[in-house]
Amino acid sequence: MGHGVGVLVPVRYFAPPELSRKRKTGEKTGVVGDPVKHWMDHAEGKRTVALLSGVKEAFAVRDRFRQAGVTADVIDADTPHKERTRILNDVAAGKVLWCGGVGTLDTGVDVPEWEVGQILCKCGSFTRYRQFGGRIMRKCDAIGKKYAILLDHSGSVAEHGFLDEPVPWELDEGGDITDRIKKEREDGERANPVCCAKCGSLFAGSPVCPECGAAIPRRERTEQPDIGRELLVELDAPQESAGQFNLRKQREWTVYLRMCVAKGWPAKKANVMFKSKFGDWPENMGVTPTFGRGDRDKPVSDLCPSLVRRKATN
Ligand SMILES: [Zn+2]
């Protein structure tokens, strides 16, 4: 791994809500959710690296993105070196938005422009999960990257935890790290991610969804151990004190934007709500997206089409 804490960005997590429903009922889950739809909902326009296990499937998903008008490519073990370099250069330049990797991109590839990770296969080992997460968490000032997004189609966050949770890498404790994490969660030493049934956000330690403001049903809330709340406070505190990008502010900003979309309000309404909560305008607080003077009277639904909720397809 070897990256210093200071160069990582925070992560927002989303999963198809049907995934958590299946998990709760104990139904066996493979990969669920339409990759294109969920990308459009939460990560449209952002450079994305996807983790897949089958070559045929990777090209099929690539074709679906292409049909939706998104530039997409696949790198697998057979991709010639020259083509691989071409694709990675195009990713960095923003010419390729979606890049599927089959067993080749989870380690050793350094493209800090990647902002979104999409897990489209079972991510069996904790180490592999963390290494894949490392692909999207590198800071990249050149493209104004403030946070990363993980689209989890396989329940990996529920299985392995949030990417910014501390890891007991110490080897002297013995045993496999994947098992050790599992045990820590069972013992209540780790937060259990909750999935918002409305928007698919994965989070812990809050009675309402930090992305859309929906209340979490009581049954789920009582399953939340208090440890989750403590963990979240610990993670947020250093960001706050450093005066840098703050995930809480970003999430609140997204809630205001979604509210404006739902009510048909203009962008200036979201700006005012944000300022009354945080004491300054969004453009001064590092959240995205923000709106220029000429756009503030326009409806947020026009300015941010990706926030307009699409009709569920399944
Ligand atoms: Zn939500």
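Starting afresh in each chain, residues are numbered from 1 along the sequence in its written order. pLDDT decides what is reported in this predicted model: residues at 70 or higher carry local features, side-chain atom pairs at 80 or more are listed and counted, and totals for whole chains, interfaces and linings draw on all residues regardless.

Here's the deal with the overall build of the protein
Helix and strand content of the protein: twelve helices and eight strands. Looking at the 314 residues of the protein, the share that counts as buried comes to 35%. Residues are treated as contacting if the C-beta atoms built from their backbones sit within 7 Å of each other. Taking the intrachain contacts of the protein between residues at least 6 apart in sequence as the baseline, contacts between residues at least 24 apart amount to 69%. Secondary structure follows DSSP: runs of H or I at least 4 residues long count as helices, runs of E at least 2 residues long count as strands, and numbering of each begins at the N terminus. Residue burial is a threshold on neighbouring C-beta atoms within 10 Å of the residue's own C-beta, all placed from the backbone, with 20 or more meaning buried, 12 or fewer meaning exposed, and counts in between meaning partly exposed.

Some remarks on the packing of helix H10 (residues 247–263) against helix H11 (residues 267–278)
Where helices are involved, their axes are fitted lines through C-alpha atoms of the stretch in contact, as for all axes, and angles between N-to-C directions lie from 0 to 180°. Packing of H10 against H11 brings their axes to within 9 Å, and their N-to-C directions diverge by 145 degrees. H10 and H11 meet at a crossing whose hand is right-handed. Across the interface between the two elements, Lys249, Glu252, Trp253, Tyr256, Leu257 and Cys260 of H10 pack against Lys269, Ala270, Met273, Phe274, Lys277 and Phe278 of H11. Note that Gly is not counted as nonpolar here; it falls among the polar residues with everything else outside the nonpolar set of Ala, Val, Leu, Ile, Met, Phe, Trp, Tyr, Cys and Pro and the charged set of Asp, Glu, Lys and Arg. By residue class, the composition of the contact of H10 with H11 is eight nonpolar, no polar and four charged. Throughout, a crossing is termed right-handed when the near helix is turned clockwise from the far one, and left-handed when it is turned anticlockwise from it by less than a right angle.

What about the sheet that holds strand S2 (residues 48–52)?
At least two bridges found by DSSP between two strands is the condition for calling them paired. Pairing is parallel across the open sheet formed by six strands, whose spatial order is S1-S6-S5-S2-S4-S3. With partners counted over all chains shown, the strands left at the sheet margins are strand S1 (11–14) and strand S3 (72–75), one partner each. Averaged over all pairs of adjacent strands, the angle between their axes in this sheet comes to 20 degrees, without regard to strand direction. Both strand S5 (residues 116–119) and strand S6 (residues 148–152) contribute to a ladder of four bridges, which runs parallel. The residue of S6 that forms the bridge with isoleucine 119 is aspartate 152. The sheet strands contacting helix H5 (residues 126–136) are S2, S5 and S6, and the helix crosses S5 at an angle near 150 degrees.

Quick look at unusual backbone geometry
Cis geometry is adopted by the peptide bond preceding proline 289, which originates at threonine 288 and carries an omega value of -10 degrees. Assignment of secondary structure puts proline 289 in the loop between H11 and helix H12 (300–303).

Things to note about the nonpolar core
One finds Tyr13, Ala50, Leu51, Leu52, Leu150 and Leu202 to be the most contacted residues of the largest nonpolar core, which totals 49 residues. With twelve residues, the next largest nonpolar core counts Val255, Tyr256, Val287 and Phe291 among its residues. For the purposes of this analysis, a nonpolar core is taken to be any set of buried Ala, Val, Leu, Ile, Met, Phe, Trp, Tyr and Cys residues that are connected through C-beta atoms within 7 Å.

What about the confidence of the model for the protein?
A score from 0 to 100, pLDDT tells how confident the predictor is in each residue. Across the protein, the average pLDDT comes to 83, with 84% of residues at 70 or higher. Across residues 1–5 the pLDDT falls below 50, and counting only partners more than four positions away or on other chains, this stretch makes three contacts in the model. In this model residues 220–243 is a low-confidence stretch, pLDDT under 50, and it forms 30 contacts with partners more than four residues away in sequence or in other chains.

Let's talk about the environment of proline 112
Here proline 112 lies in the loop between strand S4 (98–102) and S5. Taking C-alpha positions, proline 112 is 7.1 Å from arginine 135, a pair spaced 23 residues apart along the chain. Beyond its immediate chain neighbours, meaning those up to four positions away, proline 112 contacts Arg138, Lys139 and Cys140.

Thoughts on the pairing of S6
Most of S6 sits out of view: four of its five residues are buried. Sheet analysis places S1 next to S6, joined by four bridges and oriented parallel. Residue pairing across strands places valine 11 opposite alanine 148, the latter belonging to S6. For a crossover, the right-handed case is the one in which the path from the first strand over the helix to the second runs clockwise, viewed with the strands pointing away from the viewer. This β-α-β element, S5 to H5 to S6, shows right-handed connectivity.

Points about the environment of lysine 298
Structurally, lysine 298 is set in the loop between H11 and H12. The partly exposed category is assigned to lysine 298, around which 13 C-beta atoms lie within 10 Å. In the structure, lysine 298 is positioned 33 residues away from tryptophan 265 in sequence and 8.1 Å away in space, judged by C-alpha atoms.

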